[in-house]
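Architecture at a glance
Next come the chains, spelled out residue by residue.
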Amino acid sequence: MATPFKLLCFLFALTSSTSLLPSSCAQTCSGYTFSNNKVFSSCTDLPHLGASLYYDRDASANTVSVAFKAPQTSTGWVAWGLNPNATKMVGSQAIVAFLHSNGSMMAYPTQLDSYAPSMAPAALIFPVNDVSAEYVNKEMIIFATLGLVGGGTKFNQVWQEGSTVLNDVPKAHSTIGDNIKSLGTIDFQ
């Protein structure tokens, strides 16, 4: 059940411009404690799908360790990725996670090479290591360490969620609302 405060925030959001939403009602990634006690030096609340991205950049190794967190049911999936060449889904190098039919969380890299990608495991154009996922409090969390393409720190990013996994393969996400708005840029500087 929603608290009176959350209901008040919801009603305020319905009747006001979101730019006027009190900061106390806003989603915030700071202060979140991961179940593995991992700590990240930076985080950002992504503007759609209730998602957040946590990260630590290792400038000397030219890598970034990330945790992508988004609300999801146990029957759905989440994904986050970078697109080094465009500001859209196609061409993104992503990591997808879902609850496997054997009951364990599954996470792996995949290439989004079309608007109907296979979602099969695939090598990315940059190194990716330490890929794992967990499902905690109705949120899916992806962990990974990525090699930064060309030594850069600013990239196009995409994130997504879908409601269906069939035979351990994530199925297409919705093509309306926040699902088509979940893209932007990230600077790991």
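See the structure above.
All of these numbers come straight from a predicted model, not from anything done at the bench. (Residues numbered from 1 in each chain as written. Predicted model: local features only at pLDDT ≥ 70, side-chain atom pairs only at ≥ 80, totals over all residues. Heavy atoms only, no water.)

Time to look at the overall build of the chain. For the chain, the helix and strand inventory stands at one helix and 12 strands. Along its sequence from the N terminus, the chain presents helices and strands in the succession α-β-β-β-β-β-β-β-β-β-β-β-β. The buried share of the chain, reckoned over its 189 residues, is 39%. Considering only intrachain contacts with a sequence separation of at least 6, the fraction spanning at least 24 residues in the chain is 53%. For the chain, the exposed area adds up to about 10,000 Å²; of that, 56% sits on carbon and sulfur atoms. (Helix = DSSP H or I, 4+ residues; strand = E, 2+ residues; numbered from the N terminus. Buried < 20%, exposed > 50% of the residue type's maximum accessible area, 1.4 Å probe, protein only. Contact = heavy atoms within 4.5 Å. Areas by Shrake-Rupley, 256 points an atom, 1.4 Å probe, with all protein chains shown as cover.)

So, about the pairing of strand β6 (residues 105-112). By the criterion of burial, β6 is predominantly enclosed, with six of the eight residues buried. Examined bridge by bridge, strand β5 (residues 92-99) and β6 share eight bridges and lie antiparallel to one another. Residue pairing in the sheet places V96 in a bridge with Y108 of β6. In this antiparallel pair of consecutive strands, β5 and β6, the connection spans five residues, and G103 shows a positive phi of 95°. (Pairing = 2+ DSSP bridges.)

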